[in-house]
Amino acid sequence: MFRHSLARLVLALQWTAILAVVALTFLLAGREWLAYVAADRIVALTGVDRVLFTASAGIRFELGVAGVAVLTEDDPAAAIAESHRQVDGYYGEAAFSIAETDFEGRDALLASIRDAHGLLAARRPLLDAVAAQPLAGRDMADAEPWLLATYALAERLAEVSVAVTNTVRMLDPAVVELVYVRQSSYLIRERFGRPCSALRPDVQRNQPLDRVRLGEWREGIGAYRARWDALDEQLARPGAPVQLVEDVRRGRAATRAAQDRMDAVIYGLDGSGVPAMAPAEWSHLCTDAYAPVLALGEHALGLAIEHAERRRAEAQRMALLMAVLSLASLLLGGLSIHTVQRRLSAPMRQMQATIDRLSRQEFDEPVPAAGYPDEMGAIAGALEGLRVGALASRGLQRQLDEARRQEVARANEANRAKTAFLATMSHEVRTPLNGILAMGQLLGDSPLSPQQRQWLDGIFQSGSLLLAVLNDVLDYAKIEAGRMELECAVFSPQALLQAIEASVAPQALAKGLEYRSTVAPLPARLLGDPAKLGQVLLNLVGNAVKFTGEGRVVVSARTREDAAPGRARVEFTVSDTGIGIAPEALGTLFDAFTQSDSSITRRFGGTGLGLAISRRIVEAMGGTIAVESAPGQGSRFTVAVEFALAPSAAPAVPVAPAAIEPAMPELSILLAEDNPVNAAAAVGLLERMGHRVTHAADGLAAVRLAGCHDYDAVLTDLAMPGLDGLELARRIRGLPHATRSQVPIIAVTATVSAERMQDCFAAGMTGFVGKPFHRGELRHALAVAIGADEEDALPSAARPLVLRRSSLLAERMADLGPDRAGRIVGLFVETAPELMQEIRAAAASRDAEACGDAAHRLKSAAGLVGLSRLARMAVLVEQAAAELAEEAEAAAETLDRHVASLAGAVPRAIVEVERVWRSILAAQRADGVKR
């Protein structure tokens, strides 16, 4: 058969060799599989031994806990019940582990621990009877059967552990030493702890031991000390585990220290009847040494498990390797047959089909390679060259188009990823921060001591600064693009420094540092952005505390003389005695994601972004930031910023929210919030305001409640599982009920952006509150939603519109003088009612153009006197009029609703503007008198 076919002979020889290799590899794989099974069993047994070790030690520990409770507590019932529960838990876990594992004598040993546990349960009433007696008359000798039953259960578990470790020793002799160490730790704990517990009554009665019991005491000490010596000798060999050697050293030291104290007590018993040591102290003296002793056993068990797992992994790896070799051999044989078959016939058929395809101008599919560098291979190469030449121009154009498309797609994806990241960070940080601040507000309403009130103020101040920092970090992209927005508010630099000190000084004191604030006389009120200035200073002071191990941190501020008229240049300095900065690192210190040393991140953490943001903020304010430092000599950061001096009548931004809460009408509110912490905080705040709250944990439940009940307002989170806040608003607006579908809906969310607010209003919502919110902000949103007198009812710290109005009118008076500024206020008071009449008349006649024009003029007038909310309401009327002109559906109803809200707000706005203007004039007169 092989004489006429060399290929058949080659194939036969190949198959013979391949089958021999496959058979050998299968035998090796089988052997490694058996080794894997044995190693897996060792892992299971050592795991059971760990459970037994923990259970036995835990049961003995709980024995001491119950005994101490009986001898020290007037009513130890709860402690005894908890101790019983712990013992039952240890027993249950041990019994389950034993039942799930196979080893010699398992059933008999399992029956023995069940009997021991049953005996313990039967004798527990003895301990309860002792506990029921008066504390002075309790004698643990009456509960001796319970004590012995507990010891018996622990000893049965120890016997099972011995059986398990013997099985492991037979399966793998390499773990003999580790098993001995583990058993030794248990024996040492037993010989050290049991006599200690047995002598507790003698210590309490101050009863000296007789010669026999004293001899037994010394014998037990000698036994466990001999075991320590044996462990030292065994682990003295080269290559012994370092962890076990260290554990033996710690355990010996712990037992020696405890034994010295116990010897002093035992030998000092004088029979006076006065307890030689408190029961709890004696028990702690016994149990304090348990941890290092038991840690030795735990680490020995851990090393045994690691050894078994390494052996199992190695066996598994070898078995897989043998299987792969067998499969590779089979594949090699098939490849050989396939190669011989296609040497001639297959290439010829492929070449004929290729020539036909190329003749039809089909160049997309490449010419198949012949497989050999022979004549067929040369022909295939020539045809492939012709095909490639024909596709050259077409392929180049396609590549250019594809590269352009991919570049655009990558740019769009990068922008989407950046936007999604910022939104996610905002939501994930604002949500828990909202819970912290809201719960703090609820805590502030409860009775607190002055010190607790001071701590709570620190929480509010730190939370407010954290929120400002979060906003600036999330706006880092805007900083990069040069679009950072700075606020212009009146603030007190002295109050700002005090807030920073309240936040950082406790951290400095906790590290043993001296925190010193040296502030020269500063202007009482400045115009600027206190949040961003506070962010810069808080970052510098926080860095000073973080990088200073000992010494002091000094914060100073002074007014420089080089400011322009009507302005003040304030210089803030933060110096420390910390680690300092190397000279070569000073040049890149303010670069993003840069720190002076790569080890800084490992030692202290941080991203290196804080100083970069600080520099951008200071430069945006028109100021400068500089640093002086040397390694080991500390650092000195200087920030100099020029601010405008605020008018004396302008109120400063408050450091903390006011605590006044005037009454509002009692409302029935539906709250849709899936976060339990934020839900509890919102419910607490609303109920403290006097409202009735119904909580729905998701959007679907909120829809059902809104369709069945009449609510005055709905507050909903936007990010909820299943049905989000936007879809909830759409479904409520689509309810068939005439009034329930028009309930005011307020969005409460951690994702704060202009696009998000537009989505909320487009979905039919009437208000928006960003997390974290204060009580005043929440009350303001509710008042706006229901049309209540939200501005007069709110305290000054809780109504930012009034603050901005007061500040704006004060600026008008400073710029124009009291006469001209008063004329602006008077024109508004005179023309606002007339404009409102025009709006109402035009809306009634459906004259969209006239209505929009009058609303636009009212919006401009309101903005001139700082009535931003009234201006926004006028914008809504203007937009509704535009929709009416376009004949949009339901535009007339929307216009009527907004006109009615605006008509109710105009009189209150006039009263408020006059009141604020009078207060500004009065403050100016008072200031003039003082001067």
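All residue numbers refer to positions counted from 1 along the written sequence of the respective chain. Predicted model: local features are reported for residues with pLDDT of at least 70 only, side-chain atom pairs are reported and counted for 80 or more only, and whole-chain, interface and lining totals are derived from all residues. Neither water nor hydrogens contribute to the side-chain values; these are computed over all heavy atoms in the structure.

Quick reminder of the rule: UniProt positions are given in the numbering used here, feature names are shortened, and annotations may be inferred rather than shown by experiment.
By the naming in an unreviewed UniProt entry, the chain is histidine kinase, taken from Azospirillum picis. For the record of the chain, the UniProt heading Catalytic activity (unreviewed entry) holds the text "ATP + protein L-histidine = ADP + protein N-phospho-L-histidine." In the Subcellular location (unreviewed entry) part of its UniProt record, the chain is described as follows: "Cell membrane".

**With respect to unusual backbone geometry**
Note: most residues except glycine have negative phi, and most peptide bonds are trans. What counts here: By definition, any uninterrupted DSSP run of H or I lasting at least four residues is a helix, any uninterrupted run of E lasting at least two residues is a strand, and each is numbered from the N terminus. Between buried and exposed lies partly exposed: a residue is buried under 20% and exposed over 50% of the maximum accessible area for its type, with that area taken using a 1.4 Å probe on protein chains only.
Unusually for a residue other than glycine, Asn206 sits at a positive phi of about 55°. Residue position: Asn206 is located in the loop between helix 6 (200-205) and helix 7 (211-234). What makes Asn206 buried here is its relative accessible area of 5%. Residues other than glycine seldom take positive phi values, yet Arg846 does so here, at roughly 60°.

**Overview of the pattern of salt bridges**
For the record, the criterion: By salt bridge we mean one thing: a side-chain nitrogen of Lys or Arg within 4 Å of a carboxyl oxygen of Asp or Glu.
Tallied over the full model, the rule gives 30 salt bridges. Between Asp88 and Arg124 there is a salt bridge, with the nearest N and O atoms lying 2.8 Å from each other. Of this pair, Asp88 sits in helix 2 (residues 77-99) while Arg124 sits in helix 3 (residues 106-132); the two residues are 36 residues apart in sequence, bridging distant segments of the chain. When its relative accessible area of 11% is taken as the criterion, Arg124 is described as buried.

**Points about helix 27 (residues 868-885)**
Note the cut-off: Helix span, expected: 1.5 Å multiplied by one less than the number of residues in the helix.
The end-to-end C-alpha separation of helix 27 is 26 Å, in line with the 26 Å expected for 18 residues at 1.5 Å each. Along helix 27, the residues classified as buried are Arg869, Leu870, Ala871, Met873, Ala874, Val877, Ala880, Ala881 and Leu884.

**Some details on the nonpolar core**
For soluble globular proteins, the rule of thumb is that nonpolar side chains tend to be buried together. Under the convention used in this document: Note on terminology: a nonpolar core comprises buried Ala, Val, Leu, Ile, Met, Phe, Trp, Tyr and Cys residues joined through side-chain atoms within 4.5 Å.
Formed by 78 residues in total, the largest nonpolar core has its most connected members in Trp146, Met262 and Trp282. Sort the elements by how many residues they give to this core and helix 1 (residues 6-72) lands first, with 13 residues. Listed in part, the 41 residues of the second largest apolar core include Ile500, Tyr515, Leu538 and Val541.

**Points about the packing of aromatic side chains**
Short version of the rule: The criterion for an aromatic pair is that two Phe, Tyr or Trp rings (for Trp, the six-membered ring) have centres within 6.5 Å, with stacked assigned to planes under 30 degrees apart, edge-to-face to planes over 60 apart and tilted to the rest.
By the definition in use, this model includes two aromatic pairs. Centre to centre, the rings of Phe192 and Tyr224 are 5.6 Å apart; their planes meet at 90°, and the pair counts as edge-to-face. Here the residue Phe192 occupies a position in helix 5 (residues 176-198), and Tyr224 occupies one in helix 7, the gap between them amounting to 32 residues. Judged by relative accessible area, which is 2%, Tyr224 ranks as buried. Each ring, one from Phe491 and one from Phe643, has its centre 5.6 Å from the other, and the planes form 80°; the classification is edge-to-face. Here the residue Phe491 occupies a position in strand 1 (residues 489-491), and Phe643 occupies one in strand 7 (residues 635-645), the gap between them amounting to 152 residues. For the pair Phe491 and Phe643, a shared accessibility class is recorded, and that class is buried.

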